[in-house]
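Read off the chains here:
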Amino acid sequence: AGGTPPMLTLRNVDIHYGRVHAVRRVSLHVAPGEIVAVIGANGAGKSTFMKVLAGLYAPESGEMFLNNVMLSDVNMESYRNLFTIVPTDYHLFSRPLGLNITPAQLTDVLRTLHMETKVTLLEDGTFSTLDLSAGQRKRLALACALLEKRHIYLFDEVAADFDPVFRRYFYEELLPDIIRQGGTILAISHDDRYFHVADRVLTMREGGFVEEPSGERAQA
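Source: prediction; values computed, not measured.

Trainee: Explain the overall build of the protein chain here, please?
Mentor: A count of helical and extended segments in the protein chain gives six helices and ten strands. In terms of C-alpha radius of gyration, the protein chain reaches 18 Å, essentially the compact-globule figure of 17 Å for 220 residues. Counting across all 220 residues of the protein chain, residues that qualify as buried make up 48%. Looking at the protein chain alone, contacts between residues at least 24 apart form 68% of all its contacts between residues at least 6 apart. Charged side chains of the protein chain number 22 positive and 27 negative; the gap between the two group centres comes to 2 Å.

Structure (structure tokens):
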């Protein structure tokens, strides 16, 4: 993905999800190449915030900017194409949808995810198997996300199903590698032992963000 690295700015963004005030006057600036961890209790609005950020939900009020250009003046399809999302309720299809890739390209990415012996791409373009553990299925979904080669990665509890060894690899090696290749990451996570890899950790409460110093967070 070429072009100017995306810089995102939100100002006083609000959205309701049903009767819930899910995102409440959120203001946030995300610079290219950042790793931002997002934490908070269930129902705090984290997943809804991610969907607003990715352009899947339109804010009811407030402003969003891409590289200082208001989003209303930006082509929304091209904006959404900046993002790849691995949601907590992801669905695996029998083939890598929307990707024109070779078996070798899939194998190469699966190798970085320690999955190259588990799945291959068949001649008809489908995966050789989906009979995988929860952690392996999540890795395959992650492989498809990496193959999209987008600018911004939104991960919603992606590491929750990983075993401890791969979880450490995911945070300490894979995420920094995505950044080195020009990506930006926002990750909803409860893995506080790996928050040191993030540039910032944002706590969401009742739809709004509270940024806490790392020292206070460590004592919480």
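The discussion continues.
Trainee: What exactly am I supposed to notice about the environment of Ala58 here?
Mentor: By the element assignment, Ala58 lies in the loop between helix H1 (46-53) and strand E4 (61-66). Linking Ala58 and Asn75, residues 17 residues apart in sequence, is a C-alpha distance of 14 Å.

Trainee: Would you take a moment to explain the environment of Lys149 for this structure?
Mentor: On the secondary structure map, Lys149 appears in the loop between helix H4 (134-147) and strand E7 (152-156). For Lys149, a relative accessible area of 52% translates into the label exposed. On a C-alpha basis, the gap between Lys149 and Gln181 in space is 9.5 Å, while along the polypeptide they are 32 residues apart.

Trainee: How do you make sense of H4 when you look at a structure like this?
Mentor: In an α-helix there are 3.6 residues to a turn, and that puts residues three or four apart on one side. Under the 1.5 Å per step criterion, the end-to-end length of H4 is 20 Å for 14 residues, consistent within 8% with the ideal 20 Å. Most of H4 sits inside the fold, with twelve of its 14 residues counted as buried. Contacts made by the buried residues of H4 are with strand E6 (83-86), helix H3 (103-112), E7 and helix H5 (164-180). At the C-terminal side of H4, Lys149 shows a positive phi close to 55°.

Trainee: I tried to follow the packing of aromatic side chains on my own but got confused; where do I start?
Mentor: Two aromatic rings are characterised by how far apart their centres lie and by the angle between their planes. Per the stated rule, a full pass over the model turns up ten aromatic pairs. With a centroid separation of 4.9 Å and an interplanar angle of 90°, the aromatic rings of Phe49 and Phe209 are classed as edge-to-face. Of this pair, Phe49 sits in helix H1 while Phe209 sits in strand E10 (residues 208-211); the two residues are 160 residues apart in sequence, bridging distant segments of the chain. Their ring planes at 65° and their centres at 5.1 Å tell us that Tyr79 and Phe83 sit as a pair that is edge-to-face. For Tyr79, a relative accessible area of 1% translates into the label buried. For Phe83, a relative accessible area of 4% puts it in the buried group. We note Arg139 situated over the ring of Phe166; from NZ or CZ to the ring centre the distance is 3.8 Å.

Trainee: How should the pattern of salt bridges be read in this particular structure?
Mentor: Charged atoms that come close allow side chains of opposite charge to pair. Under the counting rule described, the total for this entry stands at seven salt bridges. Between Arg139 and Asp163 there is a salt bridge, and its shortest N-O distance comes to 3.2 Å. With Arg139 in helix H4 and Asp163 in the loop between E7 and H5, this residue pair connects regions lying 24 residues apart in the sequence. With a relative accessible area of 10%, Arg139 lands in the buried category. On the basis of relative accessibility, which here comes to 35%, the residue Asp163 falls in the partly exposed class. A salt bridge links Asp191 to Arg167; the shortest N-O distance between them is 2.8 Å.

About the cut-offs
Residues numbered from 1 in each chain as written. Predicted model: local features only at pLDDT ≥ 70, side-chain atom pairs only at ≥ 80, totals over all residues. Heavy atoms only, no water. Helix = DSSP H or I, 4+ residues; strand = E, 2+ residues; numbered from the N terminus. Rg over C-alpha atoms; globule rule 2.2 N^0.38 Å. Buried < 20%, exposed > 50% of the residue type's maximum accessible area, 1.4 Å probe, protein only. Contact = heavy atoms within 4.5 Å. Lys, Arg positive; Asp, Glu negative; His and termini not counted. Charge placed at Lys NZ, Arg CZ, Asp CG, Glu CD. Expected span 1.5 Å × (residues − 1). Phe/Tyr/Trp six-rings, centres within 6.5 Å; stacked < 30°, edge-to-face > 60°. Lys NZ or Arg CZ within 6 Å of the ring centre and 35° of its normal. Salt bridge = Lys/Arg side-chain N within 4 Å of Asp/Glu carboxyl O.

Read these as geometric descriptors, not functional statements.
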